2 protein chains.
Amino acid sequence: MKSTNTRSQILDTAQELIQRRGANAMSYADISEKVGIRKASIHYYFPSKEDLIINLLDRYNEQFCQLVDQIMASSESSATKLNRYSSLFVATLSSGDQDKACLCGILSAELKTLNPTVVDRITQFYRDNENYIEEILNSGIKSGEFSFAGTPRTMAKLIFSLLEGDLLVARAEGGVSRIQATIEQMMALIKS
Amino acid sequence: MKSTNTRSQILDTAQELIQRRGANAMSYADISEKVGIRKASIHYYFPSKEDLIINLLDRYNEQFCQLVDQIMASSESSATKLNRYSSLFVATLSSGDQDKACLCGILSAELKTLNPTVVDRITQFYRDNENYIEEILNSGIKSGEFSFAGTPRTMAKLIFSLLEGDLLVARAEGGVSRIQATIEQMMALIKS
DNA sequence: GTCTATATAGAGATAGAC
DNA sequence: GTCTATCTCTATATAGAC
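This structure is a prediction, so every number in the text was calculated from the model and none was measured.

Caption draft 1: Region of the structure containing the overall build of chain A. Check the secondary structure of chain A and you find nine helices and zero strands. For 192 residues, the compact-globule estimate of 2.2 N^0.38 gives 16 Å, and the C-alpha radius of gyration of chain A, at 18 Å, lies within 12% of that figure. Seen along its three principal axes, the alpha-carbon backbone of chain A occupies a region of about 60 × 35 × 30 Å. As displayed, chain A has an accessible area near 8100 Å², and 47% of this comes from carbon and sulfur atoms. Separation of charge centres in chain A, based on 21 positive and 23 negative side chains, amounts to 3 Å.

Below, the structure is given as structure tokens:
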């Protein structure tokens, strides 16, 4: 899974650092140390920190959507799909030292320190994910698996906010088992 | 509502800045400018940034618990209590330029850059709030207002994560009306 | 209590050699 | 492409005058 070329290694390292500590606590010096190159070399690939973060988000959105598309394309039940989708968030916290949150969740907290170009990418990530969830909910209602008050659209937004929030809260209290319990509870609320 | 003494003004300003931009993007220079004193004067009240944040959190937790205690002490229905509790989160985003999130929600994202003394306060805030919500859910079940799958404890954690997450997400997409819709949807899920 | 002045460290970024 | 060297700015923090 480790990248071989320098550019990808920089992105990998930056992403991990932001998911742990946030964009404002991540520096070129940190990346430099972990990748084993000098700060100036990073500027060769990404002239400004803004460039770096934009490229990071574009890659992240693409990778994430690819994973979700695989789930959507499967012939499993809607409940299984929603469970597998939610597991992507569990996987983020489970990996490494169990201290990473969603990249876009972290950046949400720092939103007002980011420029519009970056904010656009974050908003796009939200929209994409809410659309995916809504699609799963709709097919689950049609198949008779799901039943709940309100619209699938509002419920999709609720589920997305829940997963993002729980991932952040779980780092301070409860860890992986907390987010697993939260997902189980959420599934119970919408099942027929 | 504006504080008169310097110490409180510093705390007010620091809190607002953190709720907007995060702790790592908040500086003594920012506070200095807004309060109208020199950076060195802030160090007189709070020798280190850590001191400042700890005092901030202690005050915040106390103020927040006081507001919730008022709600808990009222003779209203459980549904009304939960609605009023949730409205505290709406109020945060509604105030000022509609760009503030929960203090502890913001700090959750920066959690791994904070020292244990600060993390303790954040965890305490979570625990207190989850206990309050659980209490409301229990009384609502007893009165026949609420009915849902799973335990009140797990449901309380879900609701807390949801409110924290939605407050962060809403700043990028949906604003005040989003969080209002989310709360309405959440209430619909637990009503009998 | 608040100020000026300063110390020290770190940030993002650029120039130019190799 | 990667390096050394350096610039500029900002950060937290302290000393000491008033």
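After presenting the structure, the write-up continues.
Caption draft 2: Summary view of the protein's contact with DNA strand D. The immediate surroundings of DNA strand D are formed by 17 residues, with A:Arg38, A:Ser41, A:Tyr45, B:Tyr28 and B:Lys49 found nearest. Sugar plus phosphate: this is where 68% of the atoms of DNA strand D within 4 Å of the protein reside. At a separation of 2.7 Å, a phosphate oxygen of DNA strand D approaches a polar backbone atom of A:Arg38. One of the side-chain N or O atoms of A:Tyr45 is found 2.5 Å from a phosphate oxygen in DNA strand D. Elements with a contribution of two residues or more to the surface near DNA strand D: helix H3 (39–45) of chain A together with helix H2 (28–35) and helix H3 (39–45) of chain B. Top element by residues in the surface near DNA strand D is H3(A). It accounts for four residues. Each residue belonging to the surface near DNA strand D can be placed in one class, and the counts come to nine nonpolar, five polar and three charged.

Caption draft 3: Quick peek at helix H1 (residues 6–21) of chain B. Residues and elements named next belong to chain B. Across its 16 residues, H1 extends 22 Å between first and last C-alpha, which sits within 8% of the 22 Å expected from 1.5 Å per residue. Of the residues making up H1, those classed as buried are Ser8, Ile10, Leu11, Thr13, Ala14, Gln15, Leu17, Ile18, Gln19 and Arg20. Positive phi appears at Gly22, one or two residues downstream of H1, with a value of about 95°.

Caption draft 4: Structural context of the relation of the copies chain A and chain B. By a simple turn and slide, chain A fits onto chain B: the slide is 0.0 Å along the axis, the RMSD is 0.0 Å, and the turn is 180°. Here the symmetry operator amounts to a two-fold rotation axis. Residue A:Gly165 of chain A places its C-alpha closer to the rotation axis than any other residue of that unit, at 1.8 Å. A share of 100% of interface residues in chain A that are also interface residues in chain B marks the association as one of identical surfaces.

Caption draft 5: Seen up close, the protein's contact with DNA strand C. Taken together, 17 residues surround DNA strand C, and among them A:Ser27, A:Lys49, B:Arg38, B:Ser41 and B:Tyr45 come closest. In DNA strand C, the atoms that sit within 4 Å of the protein are 67% sugar and phosphate, with bases accounting for the remainder. For DNA strand C, a phosphate oxygen lies 2.7 Å from a polar atom in the side chain of A:Ser27. If you tally residues by element for the surface near DNA strand C, the top one is H3(B), at four residues. By residue class, the composition of the surface near DNA strand C is nine nonpolar, five polar and three charged.

Caption draft 6: Up close: the interface of chain A and chain B. Each side of the interface is counted separately: chain A has 42 residues, and chain B has 42 residues. Taking both sides of the interface into account, the surface hidden between chain A and chain B amounts to around 3700 Å²; carbon and sulfur atoms contribute 64%. Sorting the residues of chain A by area buried against chain B places A:Lys112, A:Glu173 and A:Gln185 first, and these three jointly supply 17% of that buried surface. Connecting chain A to chain B are six salt bridges.

Caption draft 7: Here's a closer look at the environment of A:Gly175. Residues and elements named next belong to chain A. Here Gly175 lies in helix H9 (residues 175–190). On a C-alpha basis, the gap between Gly175 and Ser94 in space is 8.5 Å, while along the polypeptide they are 81 residues apart. The contacts of Gly175, once residues within four sequence positions are left out, are Leu93 and Ala170.

Caption draft 8: Local environment of empty space enclosed by the protein. Enumeration over the complete set of coordinates arrives at one cavity of 30 Å³ or more. Volume-wise, the largest cavity comes out at about 30 Å³. Taken together, A:Gly105, A:Ser108, A:Glu164, A:Gly165, A:Leu168, B:Gly165, B:Leu168 and B:Val169 make up the lining of the largest cavity. Where the lining of the largest cavity is concerned, the elements lending two or more residues are helix H6 (103–109) and helix H8 (152–172) of chain A together with helix H8 (152–172) of chain B. The residue makeup of the lining of the largest cavity, split by class, is three nonpolar, four polar and one charged.

Caption draft 9: Focus on the side chain of A:Thr13. Position of A:Thr13 relative to the elements: it lies in helix H1 (residues 6–21). Not counting chain neighbours up to four residues away, the residues in contact with A:Thr13 comprise A:Ile31, A:Lys34 and A:Val35.

Caption draft 10: Structural view of H8(A). Residues and elements named next belong to chain A. The end-to-end C-alpha separation of H8 is 30 Å, in line with the 30 Å expected for 21 residues at 1.5 Å each. Among the 21 residues of H8, 18 are classified as buried, and the element is accordingly described as predominantly covered. Looking one or two residues past H8, Gly174 carries a phi angle of roughly 110°, positive in sign.

Caption draft 11: Structural context of the environment of A:Ile31. Residue and element names in this part refer to chain A. Here Ile31 shows up in helix H2 (residues 28–35). Once the C-alpha coordinates of Ile31 and Asn131 are considered, the two residues, 100 residues apart in sequence, prove to be 34 Å apart. Apart from the residues lying within four places of it in its own chain, the contact partners of Ile31 are Ile10, Thr13, Ala14, Leu17, Met26, Gly36, Ile42 and Leu52.

The rules behind each value
- Residues numbered from 1 in each chain as written.
- Chains lettered and ligands numbered in written order.
- Predicted model: local features only at pLDDT ≥ 70, side-chain atom pairs only at ≥ 80, totals over all residues.
- Heavy atoms only, no water.
- Helix = DSSP H or I, 4+ residues; strand = E, 2+ residues; numbered from the N terminus.
- Rg over C-alpha atoms; globule rule 2.2 N^0.38 Å.
- Areas by Shrake-Rupley, 256 points an atom, 1.4 Å probe, with all protein chains shown as cover.
- Lys, Arg positive; Asp, Glu negative; His and termini not counted.
- Charge placed at Lys NZ, Arg CZ, Asp CG, Glu CD.
- Near = heavy atom within 4 Å.
- Polar contact = N/O pair within 3.5 Å; in protein donor to acceptor, adjacent residues only side chain to side chain.
- Nonpolar A, V, L, I, M, F, W, Y, C, P; charged D, E, K, R; others polar.
- Expected span 1.5 Å × (residues − 1).
- Buried < 20%, exposed > 50% of the residue type's maximum accessible area, 1.4 Å probe, protein only.
- Least-squares fit on C-alpha atoms with pLDDT ≥ 70 in both.
- Contact = heavy atoms within 4.5 Å.
- Buried area = accessible area lost by both parts, 1.4 Å probe.
- Salt bridge = Lys/Arg side-chain N within 4 Å of Asp/Glu carboxyl O.
- 1 Å grid on protein atoms, 1.4 Å probe; cavity = no way out; pocket = protein on both sides within 12 Å on 5 of 7 lines; lining within 4 Å.
- Points joined across faces, edges and corners; volume = space filled by probe spheres on them.

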